Amino acid sequence: MGVDEQRVRERLVEHGNNAFRAPAKAFPLSINKPPDLDQVQHEEAKSLVNDLEHHPHAFVIACITDRQIDSDRAWLIPYRLSQKIGSPGRPSFLFPTLLELSENEIQGHMVGPPSLHWLHKELSSDIHAALRRIAEKYEGRTEKIWADCPSSARLVYRFLEFEGIGPKIATMAANILVRGFKIPVSDYFSIDISPDRHVKRVLPRLGLLPEGATPEQIIYRARDLNPEFPGLLDLPAYEIGQNWCKPKNPKCDKCFMSEVCPTAARLTA
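None of the values given here were measured: they were computed from a predicted structure. (Residues numbered from 1 in each chain as written. Predicted model: local features only at pLDDT ≥ 70, side-chain atom pairs only at ≥ 80, totals over all residues. Heavy atoms only, no water.)

Student: What exactly am I supposed to notice about the nonpolar core here?
Tutor: Considering soluble globular proteins, one finds that nonpolar side chains tend to be buried as a cluster. Counting residues in each nonpolar core, the largest one holds 83 residues, and the members touching the most others are Phe 59, Trp 75, Trp 146, Phe 159 and Leu 203. Tallying contributions element by element places helix 10 (residues 167-180) first for this core, with 8 residues. Leave out the neighbours within four places in its chain, and Leu 203 touches Leu 12, Ile 193, Leu 208, Leu 209, Ile 218 and Ala 237. (Core = buried A, V, L, I, M, F, W, Y, C linked by side-chain atoms within 4.5 Å. Buried < 20%, exposed > 50% of the residue type's maximum accessible area, 1.4 Å probe, protein only. Helix = DSSP H or I, 4+ residues; strand = E, 2+ residues; numbered from the N terminus. Contact = heavy atoms within 4.5 Å.)

Student: Whenever I open this one, the pattern of salt bridges confuses me. Can you help?
Tutor: Counted by the stated rule, this structure contains 14 salt bridges. The shortest N-O distance in the salt bridge between Arg 141 and Glu 143 comes to 3.1 Å. Taking relative accessible area as the criterion, Arg 141 reaches 44% and is therefore assigned partly exposed. Salt-bridge contacts for Arg 223 lead to Asp 192; the nearest nitrogen and oxygen are separated by 2.8 Å. In this pair, Arg 223 is assigned in helix 12 (residues 215-225) and Asp 192 in the loop between helix 10 and helix 11 (197-205), connecting sequence segments 31 residues apart. Residue Arg 223 is classed as partly exposed on the basis of its relative accessible area, which comes to 30%. (Salt bridge = Lys/Arg side-chain N within 4 Å of Asp/Glu carboxyl O.)

Student: Would you mind showing me how to read the layout of surface pockets here?
Tutor: To find the voids left in a structure, one rolls a probe of water-molecule size over its atoms. Considering only enclosed or pocket space, the second largest pocket measures out at about 200 Å³ in volume. What lines the second largest pocket is a set of 14 residues, among which Pro 167, Thr 171, Asp 192, Ile 219 and Arg 223 lie closest to the centre. Contributing elements (two or more residues each) for the lining of the second largest pocket: helix 9 (152-160), helix 10 and helix 12. It is helix 12 that provides the largest number of residues to the lining of the second largest pocket, a total of 5 residues. (1 Å grid on protein atoms, 1.4 Å probe; cavity = no way out; pocket = protein on both sides within 12 Å on 5 of 7 lines; lining within 4 Å. Points joined across faces, edges and corners; volume = space filled by probe spheres on them.)

Encoded structure:
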């Protein structure tokens, strides 16, 4: 690894470690408020997927629905469902209430109006199957997925057992639980970086990957850079892309990587 690459790696790891050591946040993903929710409803929506104590199944359902639509929309779906399922005297999103729903009933709520996801049939089947799996394998206690200090590989594998969750979302779920919610695991080796649009843009600009790198190249490069916890690089790369390293007109002077970034050096020369 060249001197500049080493400095880039060290700076990324430093910021990743700072984020990892920070106190648990009140919701580790960004959710932008849509116009049809007022501020109170929006805070309720964020609180629902953040409530691992009383509604851990909301987190799993959000992971299942986070595909082929914007993540901000996907992570609002548990709250949207709670609005549709709720009725006077009936708790709207407790696990036993959801378990009573048939696949067709879930699909009816997903279809709308308004439609919660264009893959409503597939997702309804996956959500129904997930509820059954939680009831049968975890005795209706979703938190058992992560409550026994599993290895990172076991935690990722448990998410992969749910229909509709692939490696990208399983890794993301594990990373959020460990980094954001401070769920203890016995190691971090199998928590990979998530090759989202920001990561795909930022790592090449930092000189760590070629332009157009494949998701597999991104994952294995992160494993090479920080083998004990590849996913530690995820948050700093995401924050850089979200805040400063825009597709056009990047704000290099604002970025904490500017001193070691070859792209910043070229653009500001």
